[in-house]
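# Commentary on secondary and tertiary structure
Listed below, chain by chain, are the residues.
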Amino acid sequence: MFVVLTMLLALTGPASVQEGMAPPSAPALSDGPVNTGRLGAMIREAAPGAVVLVPAGVYREHLRIDKPLTLIAEPGAVIDGGGSGDIVEIAAPDVTFRGFVVCHTGIDLDRENAAIRVLAPRATIEGNTLEDILFGIDLREAPDSVVRGNRVGGKVLDIARRGDGLRLWRADRTLVEGNTVHDGRDAVLWYSTGITVRGNRSVRCRYGLHLMYSDEVTIEDNVLTENSVGIYLMYSRGVMVRRNQLVRNRGPSGYGLGLKETDRFTVEHNLIHGNRVGVYLDGSPFTDAQPGVFTRNTIALNDVGITFLPAVRGNRLSANNFIDNIEQVSIAGRGELKGNQFWDGDVGNFWTDYVGYDKDRDGVGDFVHESRTLFENLMDREPKLRLLLFSPTQQAIEFVGRAMPAIRPEPKFVDEVPLMRPVAVEVGAGGAPSAVGLGAASAGILGVGVFVLSVGLSGRLAAGLRGKSGRGGGA
Amino acid sequence: MTTITAGLSSGMRLRVPTLSANVLSVALRELREAVRSRWFLLYTLGFAALGLGVSYASSASAGGAGLSGFGRTTAGLVNLVLLVVPLMALTAGAGTIASDRERGMLVYLLSQPVSRLEVLLGKYVGLGAALLACICLGLGSCAGILAWKGDATRPLSMVWLAGLSFGLALGMLSVGMLASVLARKASVAVGTAIFLWLALVFVSDLALMAGTMALKLRIEELLAMALVNPLQVFKMWSLHAIDSSLDVLGPAGLYAVDEYGGRLHLIFGACLMAWVVAPLALAAAVFSRRAPV
């Protein structure tokens with residue numbers, strides 16, 4: 001499983017770049033006959049521009065919509081592909097497709113069997129529920145479209161055999177809003193300039209959102225949990241990432257947010273929580289045009305808060321909360337972070353591992369926050385050593401590192417104006433802590449202890465069991 | 001060999017309700033002595049105080065209310081258990097038989113109508129119960145503090161931590177009793193126990209680190225060597241139970257989960273069980289053969 005996933009991830013990178021140089025311009029057509037059933041007849045008979053209301057019922061057919069139409073499903077209208085091929089193909093511009101249940105595509109990855117494939121501009125795909133499908137909504141050369149409020153559920157297959165829940169390919173200025181994708185492969189948004197991705201949810205996929213060569217993009221208010229990667233931005237310019245929740249994206253390539261050779265980006269007000277690596281920076285920003293801006297994010301309880309590849313420079317991080325990440329900032333391999341700045345003007349970041357104090361009470365620590373721990377340094381060089389995390393040896397090594405300046409590493413980075421209090425972040429936090437459950441656990445554990453203790457003190461098992469009543473009876 | 005099998009079968013019988021009355025009475029006597037002794041009070045107070053300190057400090061520092069996960073609280077408690085529980089169990093085990101022998105207590109005990117095996121097992125059960133009380137009082141009060149502070153640590157993770165700490169304590173108690181049976185003097189036994197503690201807590205980890213850096217150990221080798229150390233087993237098991245993954249331990253952790261998946265609980269359990277059973281069986285074999293004084 002691990003090998004397959006790694007291979008797949010390795011393949012998607014370069015292979016897709018190759019492919020990407022010449023995106024497929026000739027659309028793949030559906031297999032077999034289309035528009036043969038009742039719904040097909042309604043499409044054939046409708047005049048271009050007409051509004052077609054589709055009554056409830058199960059339509060077992062494959063459709064091609066080849067003229068501008070508005071298809072609106074009454075509740076209970078189901079289009080069933082019967083487990084073969086694509087199901088709905090939109091080949092004309094200005095089509096609206098709303099409110100259907102579309103289910104059971106084929107499972108042919110080579111032909112990319114999709115529930116809804118759009119091959120023309122200005123489509124509106126809205127409020128549909130897609131179930132048991134290989135690819136969900138696939139927009140190819142379909143600029144100015146709207147994909148809103150759909151639910152896409154993939155087939156329960158091994159990740160290597162799944163399709164993409166959502167895909168944009170040369171679909172400039174498209175709005176992707178309020179969709180939910182679960183158990184798919186990726187949500188792929190490639191070669192699409194000026195798109196807005198807002199308020200979507202992605203659960204248990206591989207890439208929550210994967211952007212490649214997509215410029216001037218806004219990604220906001222999305223919730224991406226339990227994927228392999230939350231958001232991965234590649235080779236894109238001008239990206240705004242704000243108010244997203246990137247939570248528990250784990251596994252070998254588990255990143256909350258990854259940026260590869262991305263330029264001119266701003267990351268703000270995100271909650272990045274419980275991922276293996278919160279933020280992964282590789283060659284971003286790509287040029288010196290503008291610093292990479294990270295501000296007002298909460299980066300909490302990740303195994304690693306931010307990982308920088310050694311050559312990364314030009315990022316400016318300020319007013320972020322770095323809360324109890326096991327390693328707050330890491331450099332993959334040897335290198336330094338001198339090219340990045342951990343403050344902006346007189347505003348630094350909040351670090352839970354800051355050890356200084358604030359005597360003049362101006363909210364800024366009186367000493368710089370610098371990260372120079374020997375064990376982290378060793379771990380960055382040899383990731384296998386992570387196995388020994390949390391053992392007392394780790395503390396011993398840190399102590400030796402502090403006590404003997406000769407072997408103390410250079411500071412990894414310095415925050416000259418660390419904040420004493422966390423910064424308010426717009427996106428909400430997780431659920432409320434369960435004090436009741438914890439209290440019950442405490443009572444239970446204490447109870448066992450007290451029982452054994454009372455047995456020991458009384459010296460008799462029976463007395464311990466019967467407690468006071470036993471003793472009362474004896475008296 | 002027969003003694004070992006006998007020891008094992010008695011050990012098995014311990015877990016069923018048909019406890020041998022002799023073992024039970026020795027155990028109760030040992031528990032009573034332990035609970036009323038200074039070491040128990042000291043260790044319990046020390047463990048609870050340190051645990052409360054860790055819990056209080058880590059939940060006070062967390063800026064993000066309501067964020068749960070493998071945070072500094074759990075890490076700190078795991079760390080504390082790794083440091084304190086083995087020391088407690090090793091010295092408790094080491095101090096028992098050798099010091100009884102020195103004080104002439106052992107001769108007295110063995111003059112009673114009990115077998116040597118029953119004495120050994122009784123002492124083991126009694127001390128194990130004392131350690132259970134100590135761990136529960138310590139970690140239970142930690143959980144109480146965390147609940148009071150509104151910390152987002154999951155309740156079940158504290159239960160896991162307490163249970164696994166007890167498992168680790170039983171293993172280390174076995175080793176301590178083996179040292180106690182082998183040593184002629186109590187001071188030697190306790191010294192050996194402390195030396196073993198140092199070796200398990202620091203030396204073996206340092207050796208693993210050096211091996212990884214210098215010899216370029218492969219991941220599976222590193223993992224296998226770590227599994228030999230009961231402390232590492234406890235640590236990996238608690239992380240696995242609390243976080244339901246070992247991502248946090250980097251490549252080696254990912255490898256372990258990927259390679260063994262659901263069997264990891266079994267593997268950890270077997271490793272820890274081996275540390276409980278093997279030294280105890282060996283101790284029983286030696287103790288049954290040796291002259292008491």
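No experiment lies behind these values; they were computed from the predicted model shown.

Bringing empty space enclosed by the protein into the picture now. Residues and elements named next belong to chain A. If you walk through the whole model with that rule in mind, you get four cavities of 30 Å³ or more. One number sums up the size of the largest cavity: a volume of about 60 Å³. Around the largest cavity, the lining residues are Leu166, Val176, Asn179, Val181, Ala187, Val197, Asn200, Arg201, Ser202, Gly208, Leu209 and Leu224. Broken down by secondary-structure element, the contributors of at least two residues to the lining of the largest cavity are strand S20 (201–203) and strand S21 (207–212). Residues belonging to the lining of the largest cavity are distributed by class as follows: seven nonpolar, four polar and one charged.

Looking now at the confidence of the model for chain A. On average, residues of chain A carry a pLDDT of 86, and 88% of them reach 70 or more. Every residue in residues 463–475 of chain A scores below 50 in pLDDT, and together they form six contacts with partners more than four places removed in sequence or on other chains.

One face of the sheet, then the other: side chains in a regular strand alternate in exactly this way. Residue and element names in this part refer to chain A. Extensive coverage of strand S30 (residues 277–282) is indicated by the burial of six of its six residues. With five bridges connecting them, strand S27 (residues 255–260) and S30 associate as parallel partners. Residue pairing across strands places Leu257 opposite Val279, the latter belonging to S30.

In this complex, chain B contributes 73 residues to the contact, which on the side of chain A involves 61 residues. Of the roughly 5200 Å² buried between chain B and chain A on both sides combined, carbon and sulfur atoms contribute 73%. One can count one salt bridge joining chain B with chain A. The salt bridge involving Arg250 of chain A is made with Asp247 of chain B; its shortest N-O contact spans 3.2 Å. In this structure, the connection of chain B to chain A is made through 15 residue pairs in polar contact (both at pLDDT 80 or more). Per-element accounting of the side of chain B that touches chain A gives the leading share, 12 residues, to helix H6 (residues 116–148) of chain B. Here the side of chain B that touches chain A is composed, by residue class, of 44 nonpolar, 17 polar and 12 charged.

Moving on to the sheet that holds strand S24 (residues 229–234) of chain A. Residue and element names in this part refer to chain A. The strand order S3-S6-S9-S12-S15-S18-S21-S24-S27-S30-S33-S36 describes an open sheet built from 12 strands, whose pairing is parallel. Single-partner strands in this sheet number two, and they are strand S3 (63–65) and strand S36 (327–331). Shown here is a sheet whose adjacent strand axes are inclined to one another by a mean of 10°, direction ignored. With five bridges joining them, S21 and S24 adopt parallel strand pairing. The partner of Tyr207 across the bridge, within S24, is Val229.

Let's shift gears to helix H2 (residues 38–45) of chain A. Three or more residues of H2 of chain A are buried, namely Leu39, Gly40, Ala41 and Ile43 of chain A. Where H2 of chain A is buried, its residues touch strand S1 (51–54), strand S2 (57–59), S3, strand S4 (70–73) and strand S5 (77–80) of chain A.

The next point concerns unusual backbone geometry. Residues and elements named next belong to chain A. For the bond from Ser284 to Pro285, the omega torsion is -5°, close enough to zero to count as cis. As for its position among the elements, Pro285 is in the loop between S30 and strand S31 (292–295). Phi is positive for His104, close to 65°, though the residue is something other than glycine. By secondary structure assignment, the location of His104 is in the loop between strand S8 (101–103) and strand S9 (114–118). One non-glycine residue, Tyr191, lies in positive phi territory at about 50°. In this structure, Tyr191 sits in the loop between strand S18 (186–190) and strand S19 (196–198). By relative accessible area, which is 14% here, Tyr191 ends up buried.

Residues and elements named next belong to chain B. Packing of H6 against helix H12 (residues 264–289) brings their axes to within 9 Å, and their N-to-C directions diverge by 145°. By crossing handedness, the relation of H6 to H12 is classed as right-handed. In this structure, H6 contributes Arg116, Leu117, Leu120, Leu121 and Tyr124 to the contact, and H12 contributes Val276, Leu280, Ala283, Ala284, Phe287, Ser288 and Arg289. A breakdown of the residues in the contact of H6 with H12 according to their chemical character gives nine nonpolar, one polar and two charged.

Counted as a void, the largest pocket has a volume near 1400 Å³. Elements with a minimum of two residues in the lining of the largest pocket: S36, strand S38 (369–370), helix H3 (374–381) and helix H4 (392–403) of chain A together with helix H3 (38–61) and helix H4 (72–103) of chain B. Grouping the amino acids of the lining of the largest pocket by side-chain chemistry returns 21 nonpolar, 15 polar and 10 charged.

Residue and element names in this part refer to chain A. Together, Phe399, Val400, Met404 and Ile407 give the surface a local cluster of nonpolar side chains, amounting to about 360 Å² of exposed area. By the secondary structure assignment, Met404 is in the loop between H4 and strand S39 (414–415). For Met404, a relative accessible area of 44% corresponds to the partly exposed category.

Moving on to the pairing of strand S33 (residues 304–308) of chain A. Residue and element names in this part refer to chain A. The element S33 is extensively covered by neighbouring structure, given that five of its five residues are classed as buried. Note: S30 against S33, four bridges, orientation parallel. Considered in S33, the bridge of Val279 is made with Ile306. The sheet contact formed by S33 and S36 spans four bridges and is parallel. Each bridged residue has a counterpart across the sheet, and for Val304 the counterpart in S36 is Glu327.

What counts, and where the lines are drawn
Residues numbered from 1 in each chain as written. Chains lettered and ligands numbered in written order. Predicted model: local features only at pLDDT ≥ 70, side-chain atom pairs only at ≥ 80, totals over all residues. Heavy atoms only, no water. 1 Å grid on protein atoms, 1.4 Å probe; cavity = no way out; pocket = protein on both sides within 12 Å on 5 of 7 lines; lining within 4 Å. Points joined across faces, edges and corners; volume = space filled by probe spheres on them. Helix = DSSP H or I, 4+ residues; strand = E, 2+ residues; numbered from the N terminus. Nonpolar A, V, L, I, M, F, W, Y, C, P; charged D, E, K, R; others polar. pLDDT = per-residue confidence, 0-100. Contact = heavy atoms within 4.5 Å. Buried < 20%, exposed > 50% of the residue type's maximum accessible area, 1.4 Å probe, protein only. Pairing = 2+ DSSP bridges. Buried area = accessible area lost by both parts, 1.4 Å probe. Salt bridge = Lys/Arg side-chain N within 4 Å of Asp/Glu carboxyl O. Polar contact = N/O pair within 3.5 Å; in protein donor to acceptor, adjacent residues only side chain to side chain. Axes fitted to C-alpha atoms, helices over the stretch in contact; angles between N-to-C directions. Left-handed = near helix turned anticlockwise from the far one by under 90°. Patch = residues over 30% accessible without salt bridge, like charges linked within 9 Å, V, L, I, M, F, W, Y side chains within 5 Å. Areas by Shrake-Rupley, 256 points an atom, 1.4 Å probe, with all protein chains shown as cover.

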